[in-house]
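Notes for the structure review
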Amino acid sequence: MSDRYGPASSSSHGGGSGGGGRDGRGQGQPYAPPPNSVQKGTVTRLEPYGCFVQLTSFRARGLVHKSQLASYRVENVEDAVAVDDSVYVKVTEVTKQPHEDGSGRVRHKVNLSMKYADQDDGTDLDPAGEKAAEDLAR
């Protein structure tokens, strides 16, 4: 498992550097968490389609699509989260792709959901991952 989720010299979904980065983020930390785990993180950027979350114990940043922000329909991302909010997220998918620059580096894409993690205490609201799997299949 350390090969799949451990150190990599790449960027996460949404940019950044996987080798510790220009900001020194994550030196010595594993790159990405295992799928179906609940993690704590901080919202770093808002986009019309969702928000990016820096995971606390990992170097990876992941995307929470706006359909995964809450169990109800969210029209505007800003209505659900703000930059620097501390949130709990469920890791729904971690994929590896060759980096676009042809360097042989690997780029991780980390998909996250806030609707399957209780925002008060981080309780996993979908422990078997069945609801998240249904969402991914859509």
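The rules we used
- Residues numbered from 1 in each chain as written.
- Predicted model: local features only at pLDDT ≥ 70, side-chain atom pairs only at ≥ 80, totals over all residues.
- Heavy atoms only, no water.
- Phe/Tyr/Trp six-rings, centres within 6.5 Å; stacked < 30°, edge-to-face > 60°.
- Helix = DSSP H or I, 4+ residues; strand = E, 2+ residues; numbered from the N terminus.
- Buried < 20%, exposed > 50% of the residue type's maximum accessible area, 1.4 Å probe, protein only.
- Contact = heavy atoms within 4.5 Å.
- Core = buried A, V, L, I, M, F, W, Y, C linked by side-chain atoms within 4.5 Å.
- Pairing = 2+ DSSP bridges.
- Axes fitted to C-alpha atoms, helices over the stretch in contact; angles between N-to-C directions.
- 1 Å grid on protein atoms, 1.4 Å probe; cavity = no way out; pocket = protein on both sides within 12 Å on 5 of 7 lines; lining within 4 Å.
- Points joined across faces, edges and corners; volume = space filled by probe spheres on them.
- Nonpolar A, V, L, I, M, F, W, Y, C, P; charged D, E, K, R; others polar.
- pLDDT = per-residue confidence, 0-100.
- Polar contact = N/O pair within 3.5 Å; in protein donor to acceptor, adjacent residues only side chain to side chain.

Our next topic: the packing of aromatic side chains. What the rule picks out here adds up to one aromatic pair. Judged by centre distance (6.4 Å) and plane angle (90°), the ring pair of Tyr-49 and Phe-52 falls under edge-to-face.

Attention now goes to the environment of Thr-44. In this fold, Thr-44 is placed in strand β1 (residues 38-47). On the accessibility criterion, Thr-44 (33% relative accessible area) is partly exposed. The spacing of Thr-44 and Val-83 is 39 residues in sequence and 5.3 Å in space, taken between C-alpha atoms. If we ignore the near neighbours within four places in the chain, the residues touching Thr-44 are Phe-52, Val-53, Gln-54, Arg-61 and Val-83.

Among the nonpolar cores identified, the biggest contains 21 residues, and Cys-51, Val-53, Val-64, Leu-69, Val-89, Val-110 and Leu-112 are the most heavily contacted of them. Put simply, the parts of the chain that give this core at least two residues each are β2 (50-55), β4 (86-98) and β5 (106-113). With four residues, β4 is the single largest residue contributor to this core. Excluding residues that lie within four positions of it along the chain, Cys-51 makes contacts with Val-43, Arg-45, Leu-46, Gly-62, Leu-63, Val-64, Leu-69, Val-77 and Val-81.

For the rest of this paragraph, the subject is the sheet that holds β1. Pairing between the strands of a sheet is mediated by backbone hydrogen bonds and can be parallel or antiparallel. The five strands lie next to each other as β1-β2-β3-β5-β4, forming a closed barrel whose pairing is mixed. Strand-to-strand, the axes of this sheet are offset by a mean angle of 45°, without reference to chain direction. Relative to β4, β1 runs antiparallel, the two sharing five bridges. Bridge assignment links Lys-40 to a residue of β4, and that residue is Tyr-88.

A few words now on the layout of surface pockets. Put simply, the largest pocket is a space of about 290 Å³. Together, 14 residues line the largest pocket, and His-65, Ser-67, Gln-68, Asp-135 and Leu-136 are the ones closest to its centre. Put simply, the parts of the chain that give the lining of the largest pocket at least two residues each are β3 (61-65), β5 and α2 (130-137). Its residues placed into classes, the lining of the largest pocket shows five nonpolar, six polar and three charged.

Let us look at the pairing of β3. Side-chain positions along a regular strand alternate between the two faces of the sheet. Summarising burial for β3: four of the five residues are buried, a large majority. As paired strands, β2 and β3 are joined by five bridges and run antiparallel to one another. From the neighbouring strand, Gly-50 faces β3, where its bridge partner is His-65. Pairing of β3 with β5 involves two bridges; the strand directions are parallel.

Turning next to the confidence of the model for the protein chain. Taken as a whole, the protein chain shows an average pLDDT of 83; of its residues, 80% reach a score of 70 or greater. Contacts from residues 1-24, a stretch scored under 50 in pLDDT, to residues over four places away or in other chains number 64 contacts.

Further remarks concern the side chain of Gln-68. Counting through the fold element by element, Gln-68 comes out in the loop between β3 and β4. A polar side-chain atom of Gln-68 sits 2.7 Å from a polar atom in the side chain of Ser-113. The residues contacting Gln-68, other than those within four sequence positions of it, are Leu-112, Ser-113, Met-114, Lys-115, Tyr-116 and Asp-135.

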